[in-house]
Amino acid sequence: MDRHLLSGHRTILREVLRQLRQEAGITQEELAQQLHEHQSYVSKYESGGKWLGFIEVWQICQALG
């Protein structure tokens, strides 16, 4: 798969996860607590500093309901 296409998909995923968190009224800190992570974990993937694997995306979706 073209790296640029993959990068674009990651950007969309980050934006969707951030939007879902915000619509749920959950702060980064609250989500991080549910995931048993530090707030910086959420901040890093929302800003693009961390790539998420399938399991991590699934866990985030579970925490957001």
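Here the structure is a predicted model, which means the values were calculated and not measured.

So, helix 4 (residues 54–64)
Reasoning step 1: All buried positions along helix 4 are accounted for by Val57, Ile60, Ala63 and Leu64. Around the axis of helix 4, the buried residues are gathered within 125 degrees of arc, so they sit on the same side. Opposite the buried face of helix 4, by more than 90 degrees, sit the exposed residues Phe54, Ile55 and Gln62.
Reasoning step 2: Once helix 4 ends, the next one or two residues include Gly65, with phi positive near 80 degrees.

Details of a nonpolar patch on the surface
Reasoning step 1: A cluster of nonpolar side chains, namely Ile12, Val16 and Leu20, defines an oily patch on the protein surface of about 240 Å² accessible area.
Reasoning step 2: Tracing the backbone through its elements, the reader meets Val16 in helix 1 (residues 3–23).
Reasoning step 3: Under the relative-accessibility criterion, Val16 is labelled partly exposed at 37%.

As for the packing of helix 2 (residues 28–35) against helix 3 (residues 39–47)
Reasoning step 1: The geometry of helix 2 relative to helix 3 is characterised by a closest axis approach of 7 Å and an angle of 110 degrees between their N-to-C directions. Between helix 2 and helix 3, the crossing angle belongs to the class labelled roughly perpendicular. The two elements helix 2 and helix 3 meet at a crossing, and its hand is right-handed. Contact residues: helix 2 offers Gln28, Glu29, Leu31, Ala32 and Leu35, while helix 3 offers Gln39, Tyr41, Val42, Ser43, Tyr45 and Glu46.
Reasoning step 2: Across the contact of helix 2 with helix 3, the residue classes break down as 6 nonpolar, 3 polar and 2 charged.

Rules used throughout
- Residues numbered from 1 in each chain as written.
- Predicted model: local features only at pLDDT ≥ 70, side-chain atom pairs only at ≥ 80, totals over all residues.
- Heavy atoms only, no water.
- Buried < 20%, exposed > 50% of the residue type's maximum accessible area, 1.4 Å probe, protein only.
- Helix = DSSP H or I, 4+ residues; strand = E, 2+ residues; numbered from the N terminus.
- Arc of directions from axis to C-beta.
- Patch = residues over 30% accessible without salt bridge, like charges linked within 9 Å, V, L, I, M, F, W, Y side chains within 5 Å.
- Areas by Shrake-Rupley, 256 points an atom, 1.4 Å probe, with all protein chains shown as cover.
- Salt bridge = Lys/Arg side-chain N within 4 Å of Asp/Glu carboxyl O.
- Axes fitted to C-alpha atoms, helices over the stretch in contact; angles between N-to-C directions.
- Parallel < 35°, antiparallel > 145°, perpendicular 65-115°, else oblique.
- Left-handed = near helix turned anticlockwise from the far one by under 90°.
- Contact = heavy atoms within 4.5 Å.
- Nonpolar A, V, L, I, M, F, W, Y, C, P; charged D, E, K, R; others polar.

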